[in-house]
Amino acid sequence: MAKDKSNKLFQKLTKGLWIAFLSMIILVLIGIFSVRINLFNLFGDLPSYKSMENPEAENDLSSLLISADGVELGKYYRFNRNQVTFDKLSPQLVNALLSTEDIRFYDHSGIDPKGLLRALVGKLTFSSRGGGSTITMQLAENIFRTMTENQGSLYRFNFLRPFIIKIKEWIISIQLEKSFTKDEIMAMYFNTIFFGHNSYGINTAAATFFSKTPDSLNYQESALLVGMLNAPSRYSPISHPERSLNKRTEVLYNLYKFDFISREAFDSLKVMPLGVEYNAQNHLTGPAPYFRSVIGPQLNYWAKENGYDLYQSGLRIYTTIDSRLQNHAEAAMTRHMTYLQALFNAHWDGENPWRDERGKEMKNFIRNSIKKTRHYKKLVAKYGKGADSINIVLNTPYQMKVFSWNGEIDTLMSPMDSLKYYKKFLQAGFMSMDPISGHIKAWVGGIDFRFFKYDHVKQGRRQPGSTFKPFVYTAAIDQGYSPCYVIEDAPVTFNLPGQDPPTYTPQNFNRKFTGEKYTLRRGMANSKNAITAFVMKEMTNPQTVVKYAKELGVENPLEAVPSLCLGTSDVSVYELVGAYSAFVNKGIFTKPYFITRIEDKHGNIIQEFPPRPRREVLSEETAYLMVYMLMGGTEEEGGTSRGLSLEVREGNEIGGKTGTTQNASDGWYIGLTKDLVSGVWVGGDERSIHFKNSVLGQGAKMARPIWDYYMQSVYADTVLAYEKGPFPKPIRPLSVEIDCTKYQNPEFADMDSVDMEQAIDRLDPDDIQ
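Right, let's walk through the structure included here.

Parameters at a glance
Here the residue index of a chain counts from 1 through its sequence in written order. The model is predicted, so local features are restricted to residues of pLDDT at least 70 and side-chain atom pairs to those at 80 or more, both for listing and for counting; the totals for chains, interfaces and linings are taken over all residues. Water and hydrogen atoms play no part in the side-chain values, which are based on all heavy atoms of the structure. Salt bridges are defined by distance alone: a side-chain nitrogen of Lys or Arg within 4 Å of a carboxyl oxygen of Asp or Glu. Working definition: with a 1.4 Å probe on protein chains only, accessible area under 20% of the residue-type maximum means buried, over 50% means exposed, and in between means partly exposed. In this scheme, strands are said to pair when DSSP sees at least two bridges between them. Numbering of helices and strands runs from the N terminus, with a helix taken as a DSSP run of H or I at least four residues long and a strand as a DSSP run of E at least two residues long. Axis definition: a line fitted to C-alpha atoms, over the contacting stretch in the case of helices. Angles run 0 to 180 degrees between N-to-C directions. Two residues form a contact once any of their heavy atoms are found within 4.5 Å. Cysteine sulfur atoms that pair up within 2.5 Å are treated as a disulfide. What we call a nonpolar core is a set of buried Ala, Val, Leu, Ile, Met, Phe, Trp, Tyr and Cys residues that are connected through their side-chain atoms within 4.5 Å. Here a crossing is taken to be left-handed if its near helix is turned anticlockwise relative to the far helix by less than a right angle, and right-handed if that turn runs clockwise. Classification convention: Asp, Glu, Lys, Arg as charged; Ala, Val, Leu, Ile, Met, Phe, Trp, Tyr, Cys, Pro as nonpolar; all other residues, Gly among them, as polar. Two rings from Phe, Tyr or Trp (for Trp, the six-membered ring) form a pair when their centres are within 6.5 Å of each other. A pair whose planes differ by under 30 degrees is stacked, one over 60 is edge-to-face, and the rest are tilted. Look at NZ for Lys and CZ for Arg. If either is within 6 Å of the ring centre and within 35 degrees of the ring normal, a charge sits over the ring.

## Looking at the pattern of salt bridges
- One pass over the structure, following the stated rule, counts 27 salt bridges.
- Among the salt bridges present, the one from D267 reaches K270, with a minimum N-O distance of 3.9 Å.
- A salt bridge links R358 to D356, with the nearest nitrogen and oxygen atoms 3.5 Å apart.
- Judged by relative accessible area, D356 falls into the partly exposed class, the value being 22%.
- Each of K401, E408, D448 and R450 takes part in salt bridges that share partners, so that together they form one network.

See below:
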């Protein structure tokens, strides 16, 4: 009897469990169906089948900027992420993930029943038995953000929310497993994980924390990265190294537990240091940051016009920049500007360098300057114009890092003090290009992009001084004048009807005229203002000079006035380098350009960019004669390029022109070789900031050394294989005389570069502009 009752009780219990189980299955099926169709908008929409079949399209991908020699220059991104394929993942990395997150990954179809049961028991018993999410389910959340996006009205009930999310992840996971192989899912997972420190995806994380690629990660590095997955900030090896070490040990133990490594290997690996080589990946680091900043808006416009998003479409943008030349250019600028800044600081010896035309310190200079800043304008918007709070904030010190040529300095400074500190730094811009193809090879827009964002290659425009004079001489040479045409160093007066004063007489720097005879070539090589003024007045005119400058690529407005012959209208380094390149390129102007092609994330070419439209602006003879004129800088007596190093000059033909503006506010140098045309500008952030005199502030001292150091490095780089040599000569015989030796001053004829420098130091300051 008792046995019968026991059997009946067992049968009822079994029946009840089956009913409960079947009811749960029915509820789950109803739930899946309801979630799939988003019944009454209770659950929120699922991703479309199209997006589930192409999930990477839902994932932001950085667009890469790539140099001509295949080096990554930088990225454009909202989330710093780049994809890798499964074959680019090290086996150690894959094993570390499997052992920690989903050991049965290769055995299930997106949902792991054992894992779900384990998680359910853990929930019911309030114990920690691990989660039930598979790698595929986590991928579903990473890509489609099931926890935060497309929420239905039932999401507001916290007890229902987890179940709805899990059902969505099941549905998406099953579809992903149908559409992709296990290895593809594994790669997608690693591409979508956030590791903290602005690192999205394993490719960026490996570079950020270990300066490696994912295929070279070993077990201890892989374990550290996998340990960060669930809580990147908590287990950051940078912010919390002890926690990171402990978490790494847990992952290494998992590897041992599932027989990926031996006990001996586990004991050995767990005591190893973290071995982090932190290299923060951001917009401020990497080569050519000014270049990336300047071309970014143009690329963004192109992307929008062509249906792409520069910051998430994963474009591969190939540039003309050569990473090796870029490195040489940045090193040359750093080398010289470190020295020049120290000289500038010693020159002013604690005094403020902002001066008016009389050399007097400008009162309230910093107060007036800070009113132009964004910070000041935000304070005015917050507190109101003239509010005392503005002055309090501007004069309150706070912790900051500031730039110095000896490395960043941690200090306390107020905004007023920091602006005063930064205004004392000299700035610079440098660009180098292939004169034949128009390819820009190097672009250094400033001394340090992290602290000084303004670009001095294309954005910045300053008076070019004597580097504008070749346009004046071009107008004369193109009319048939010979470089040997002789002019007297004497006053030249322009009539200015209706103006006050009614005449203009350009002065040599020392306001003296020697009466000596100068050939056109020597006059330009010596930067004699009187000779250039004579050419402007008697051989051409301001309107014609403007016409030639425009045809040679100067786009900035030029004022057609007599003083233009001395470079009084603002131009950029970009414009001058492009213009001088036409001389080397036999009179053909090719606008400098920097993008060769753009590919999509799969490597398919979207668009190729051929060289900009070329146009003949000078005859081959005129172009060569201008190259010959510019070679006078190294060959003529008193030439301003004769101070170049023997490493660059010996066995080489070089054209060059220095430029110095009034009060030594700007120093320029444009240098030509048969393969590269490069230009340098150096000066203060504002024209009022400069050396006290042109002896120190001239282009030959401020700018020319950067070009010199750059070319030394270029010729010493055997991988680049740039060789010295002569400029190509015209095929046809020249129609004018260029052998001007009979006009040469014997005092300078046989001098070497050292003697020449000493001789130049004895000349009037005008002779060394």
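## Some words on the sheet that holds strand β3 (residues 316-319)
- Strand order in the open sheet formed by five strands is β2-β1-β3-β13-β14, with mixed pairing between adjacent strands. Either end of the sheet is taken by a strand with one partner, and the two such strands are β2 (72-76) and β14 (605-608). Averaged over all pairs of adjacent strands, the angle between their axes in this sheet comes to 20°, without regard to strand direction.
- Taken together, the four bridges between strand β1 (residues 63-66) and β2 define a ladder with antiparallel strand orientation. Opposite L64, over in β2, you have K75 as the bridge partner.

## Brief notes about the sheet that holds strand β16 (residues 655-660)
- One open sheet holds the five strands; their spatial order is β7-β6-β18-β17-β16, and the pairing between them is antiparallel. A strand with exactly one partner marks an edge of an open sheet, and here the two such strands are β7 (440-444) and β16. Neighbour to neighbour, the strand axes of the sheet diverge by 5° on average, direction disregarded.
- Relative to β7, strand β6 (residues 426-433) runs antiparallel, the two sharing four bridges. Its bridge partner lying in β7, M433 is registered against I440.
- Across the face of the sheet, helix α23 (residues 620-635) comes into contact with β16 and β17 (666-672) while running at roughly 75° to β16.

## Here we look at the state of the cysteines
- Across all of its chains, the model carries one disulfide by this definition.
- Disulfide pairing places C484 opposite C740 at an S-S distance of 1.9 Å. Measuring the twist about the S-S bond at about -90°, one finds the C484-C740 disulfide to be left-handed. Residue C484 is found in the loop between α18 (469-477) and β8 (486-488), and its partner C740 is found in the loop between α27 (704-716) and α28 (753-762); the two are separated by 256 residues along the sequence.
- Residue classification places C484 among the buried residues on the basis of a relative accessible area of 3%.
- Judged by its relative accessible area of 8%, C740 falls in the buried class.

## Comments concerning the environment of E277
- With respect to the helices and strands, E277 occurs in the loop between α11 (263-269) and α12 (289-305).
- Along the backbone, E277 and S211 are 66 residues apart, and their C-alpha atoms lie at a distance of 6.2 Å.
- Excluding its chain neighbours within four sequence positions, the residues that come into contact with E277 are T208, F209, F210 and S211.

## Concerning the nonpolar core
- One finds M337, W443 and Y710 to be the most contacted residues of the largest nonpolar core, which totals 129 residues.
- The element contributing the most residues to this core is helix α22 (residues 573-584), with nine residues.
- With 43 residues, the next largest nonpolar core counts F180, F195, A206 and L269 among its residues.

## Overview of the packing of helix α8 (residues 202-210) against helix α9 (residues 219-227)
- It is at 11 Å that the axes of α8 and α9 come closest, and there the two elements cross at 115°. Two packed elements cross with a definite hand, and for α8 against α9 that hand is right-handed. Here I202, A205, F209 and F210 of α8 come into contact with α9, specifically with E221, L224 and L225.
- In terms of residue class, the contact of α8 with α9 is built from six nonpolar, no polar and one charged.

## Description of the packing of aromatic side chains
- According to the stated counting rule, one finds 33 aromatic pairs in the structure shown.
- An angle of 15° between the planes, with centres 4.8 Å apart, marks the rings of W354 and F365 as stacked. Here the residue W354 occupies a position in the loop between α13 (323-348) and α14 (365-370), and F365 occupies one in helix α14, the gap between them amounting to eleven residues.
- Under the relative-accessibility criterion, W354 is labelled buried at 2%.
- The buried category is assigned to F365, whose relative accessible area is 6%.
- Residues Y669 and W707 carry aromatic rings whose centres are separated by 5.6 Å and whose planes lie at 65° to one another, so their mutual orientation is edge-to-face. You can see Y669 sitting in strand β17 and its partner W707 sitting in helix α27, a full 38 residues away along the chain. Like W707, Y669 is buried.
- Grouped by ring-pair contacts, the aromatic residues F403, W405, Y421, Y422, F425, F451 and F452 constitute a single cluster.
- A cation over a ring is seen here: K182 above F105, with NZ or CZ 4.4 Å from the ring centre.
- The cationic tip of R521 hangs over the ring face of Y628; the distance from NZ or CZ to the ring centre is 3.7 Å.

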